[in-house]
Amino acid sequence: MINRKKLEEQQKKEIKLFEKSHKKSKALFDRAKGCLLRGVPMNWMVRWAGSYPIFVETAEGAHFVDVDGNRYVDFCLGDTGSMVGHAPEASVKAISDAVKKGTTFMLPTEDAIYSGEELQKRFGMKYWQFTTSATDANRFILRLARDATGRDKVLAFNWCYHGSVDETVAILDKNSNVIAKTGSVGPQVNPALTTKLIEWNDVEALENALKDRDVAAVLAEPVMTNIGIIHPIEGYHKALRDLTKKYGTLLIIDETHTICTGVGGYTKAYGLEPDAVTIGKTIASGIPTGAYGMTKEFGETAADSKREQYEDVGGVGGTLAANALSMAAMRATLSEVLTQEFYDRNIPLAERFNDGVQNVIKEYDLPWNTTSLGCRTEYWFRKEPAKNGFEAEAAFDDSLDKYMHLASMNRGILMTPFHNMALITAKTSEEDVDYHTKIFREIVENILD
Ligand SMILES: Cc1ncc(COP(=O)(O)O)c(C=O)c1O
């Protein structure tokens, strides 16, 4: 159905088109190679589909313009960091005001209390702490979970992603052994020492992994989003909660991406009752921050068991964590941007995006599917939605993926890299969504028999 020869030829054409319309980005990339490792300030940035990364000039709402003057509809939105849209007015004002009053003190500001109260209402967790990233939120809650339970192991899911958290940079090999993730750089220790991995949606494997009572915590996205969107099967969350309770394991729900579901993420929307919630990225409009919240019981155990070492050398914290600037940004985002209205407006648009792609898939009878969660939606190169990380990973098609991304970029659409995911934000318009459907049809047609 996909003509691989045509795909190869089209890819070459798209590369030429990219290089023709991104000359200033190329010049900046060449200059960057003199001082930045591989010419980028952060290693993933070499992995975009073009011959080099696009350098951004400016952004507003759902759009950005690059240094060559090309304008894009941004469906990537910083892979959720900018899910609230670029430069939302209320956040820009709060951030500009805060920056003039001093950014960081190692002392609290009232904005932190507001943010704690608001997160408490949204996620039902009693006690909150702030970090500089979602990765740090996960790292610190795992330390507290180990301390509270006196157990060493962490349980996560094959092909999960929770940031650069050492315990979770791991996958299962074909014999179901835990190994460092493909491409993982310098693992701290063999992850099999720290981590148990199972496939998502496998209740039997979950019970088997927990019954030795050596697992401090399960760290789970409530819906997997990083190997594509993989929903839980009916009853899976109940099993997760019942079995973790049965074996004395803490349940940590990572809402960093699933905050796309609604104001209180998937936890509030589906009435989950974890022991802890972690989050980051968009909750401060892209100003680096993260947060972790705990139940009253877990929080009191954690604070009590830490005694004085918790206050300084406990391996939990950071001088810039909870700084005044990030707390002001979080307060403005939670109070004025990431509101119920945000979801009421954007979820129907994500459905429209999904319907547009579905129509093309049906029209050409492609063996592809779409999956959605709130204002996040994506298309997959497999007929049925995947049930776990193994199935999802097996559906990856590198050359097709690169082509879809590059051809989209050349037509002014930026999709989330590494898979084909789109986020809808406050200023994404119906025209933007329909434009995506139009170019999706065109770039698909170009590679069919
Ligand atoms: C579910 C989840 N948790 C945590 C993180 C880490 O976020 P950050 O890289 O901003 O620390 C990510 C990043 O993609 C994520 O997807």
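Residues numbered from 1 in each chain as written. Predicted model: local features only at pLDDT ≥ 70, side-chain atom pairs only at ≥ 80, totals over all residues. Heavy atoms only, no water.

**Overview of the site of the ligand**
Moving on, step 1. Close contacts around the ligand come from 13 residues, with Thr-135, Asn-226, Asp-254, His-257 and Lys-281 the closest.
Moving on, step 2. Between the ligand and the protein, one listed contact pairs an oxygen atom with a backbone N or O atom of Ala-134 at 3.4 Å.
Moving on, step 3. Contact between the ligand and Thr-256: a nitrogen atom at 3.5 Å from a side-chain N or O atom of the residue.
Moving on, step 4. Protein chains bury 87% of the 390 Å² of accessible surface belonging to the ligand in isolation. (Near = heavy atom within 4 Å. Polar contact = N/O pair within 3.5 Å; in protein donor to acceptor, adjacent residues only side chain to side chain. Areas by Shrake-Rupley, 256 points an atom, 1.4 Å probe, with all protein chains shown as cover.)

**Concerning empty space enclosed by the protein**
Moving on, step 1. All chains considered together, the criterion is met by two cavities of 30 Å³ or more.
Moving on, step 2. There is about 120 Å³ of room inside the largest cavity.
Moving on, step 3. Lining the largest cavity are 13 residues, with Tyr-379, Trp-380, Phe-381, Phe-396 and His-419 positioned closest to its centre.
Moving on, step 4. For the lining of the largest cavity, the residue count by class is seven nonpolar, three polar and three charged.
Moving on, step 5. For the second largest cavity, the full set of lining residues is Phe-157, Cys-160, Tyr-161, His-162, Leu-219, Ala-220, Glu-221 and Met-224.
Moving on, step 6. Here the lining of the second largest cavity is built from residues that sort into six nonpolar, one polar and one charged. (1 Å grid on protein atoms, 1.4 Å probe; cavity = no way out; pocket = protein on both sides within 12 Å on 5 of 7 lines; lining within 4 Å. Points joined across faces, edges and corners; volume = space filled by probe spheres on them. Nonpolar A, V, L, I, M, F, W, Y, C, P; charged D, E, K, R; others polar.)

**Quick notes on the pairing of strand β8 (residues 195–198)**
Moving on, step 1. Here β8 shows no split at all, with Thr-195 and Leu-197 on one side and Lys-196 and Ile-198 on the other all buried.
Moving on, step 2. Here strand β5 (residues 153–157) runs beside β8; their pairing, made up of four bridges, is parallel. Paired with Ala-156 across the bridge in β8 is Leu-197. (Buried < 20%, exposed > 50% of the residue type's maximum accessible area, 1.4 Å probe, protein only. Helix = DSSP H or I, 4+ residues; strand = E, 2+ residues; numbered from the N terminus. Pairing = 2+ DSSP bridges.)

**Overview of the domain arrangement of the protein chain**
Moving on, step 1. Structurally, the protein chain comprises domain 1 (4–84 + 340–445) and domain 2 (89–337).
Moving on, step 2. The centre of domain 1, based on its C-alpha atoms, is set 27 Å off from the matching centre of domain 2.
Moving on, step 3. Listed as interface residues are 31 residues of domain 1 and, on the opposing side, 29 residues of domain 2.
Moving on, step 4. Summed over the shared surface of domain 1 and domain 2, the result is one salt bridge.
Moving on, step 5. Run the count over domain 1 and domain 2 and you get 16 residue pairs in polar contact (both at pLDDT 80 or more).
Moving on, step 6. Mapped onto the side of domain 1 that touches domain 2, the elements with two or more residues apiece are α11 (340–363), β13 (369–373), β14 (376–380), α12 (389–394) and β16 (421–423).
Moving on, step 7. The residue inventory of the side of domain 1 that touches domain 2, partitioned by class, reads 15 nonpolar, eleven polar and five charged. (Domains from an automatic or database assignment. Contact = heavy atoms within 4.5 Å. Salt bridge = Lys/Arg side-chain N within 4 Å of Asp/Glu carboxyl O.)

**What about the packing of helix α1 (residues 4–21) against helix α13 (residues 398–410)?**
Moving on, step 1. Viewed as axis vectors pointing N to C, α1 and α13 meet at an angle of 40°, and their least axial separation amounts to 10 Å. Classified by the angle between their axes, α1 and α13 sit oblique to one another. Taken as a pair, α1 and α13 cross one another with a handedness that is left-handed. Of the residues in α13, those in contact with Arg-4, Leu-7, Gln-10, Gln-11, Glu-14, Ile-15, Leu-17 and Phe-18 of α1 are Ser-399, Leu-400, Lys-402, Tyr-403, Leu-406, Ala-407, Met-409 and Asn-410.
Moving on, step 2. Its residues placed into classes, the contact of α1 with α13 shows nine nonpolar, four polar and three charged. (Axes fitted to C-alpha atoms, helices over the stretch in contact; angles between N-to-C directions. Parallel < 35°, antiparallel > 145°, perpendicular 65-115°, else oblique. Left-handed = near helix turned anticlockwise from the far one by under 90°.)

**Here's the deal with the environment of Glu-341**
Moving on, step 1. Tracing the sequence through the fold places Glu-341 in helix α11.
Moving on, step 2. Considered as a pair, Glu-341 and Ile-95 are 246 residues apart in the sequence and their alpha carbons are 22 Å apart.

**Remarks on unusual backbone geometry**
Moving on, step 1. One non-glycine residue with positive phi stands out, namely Ser-285, at about 55°.
Moving on, step 2. Within the secondary structure, Ser-285 sits in the loop between β11 (276–280) and β12 (290–294).
Moving on, step 3. The residue Phe-418 is not glycine, and still its phi comes out positive at about 75°.
Moving on, step 4. Relative to the helices and strands, Phe-418 resides in the loop between β15 (413–414) and β16.

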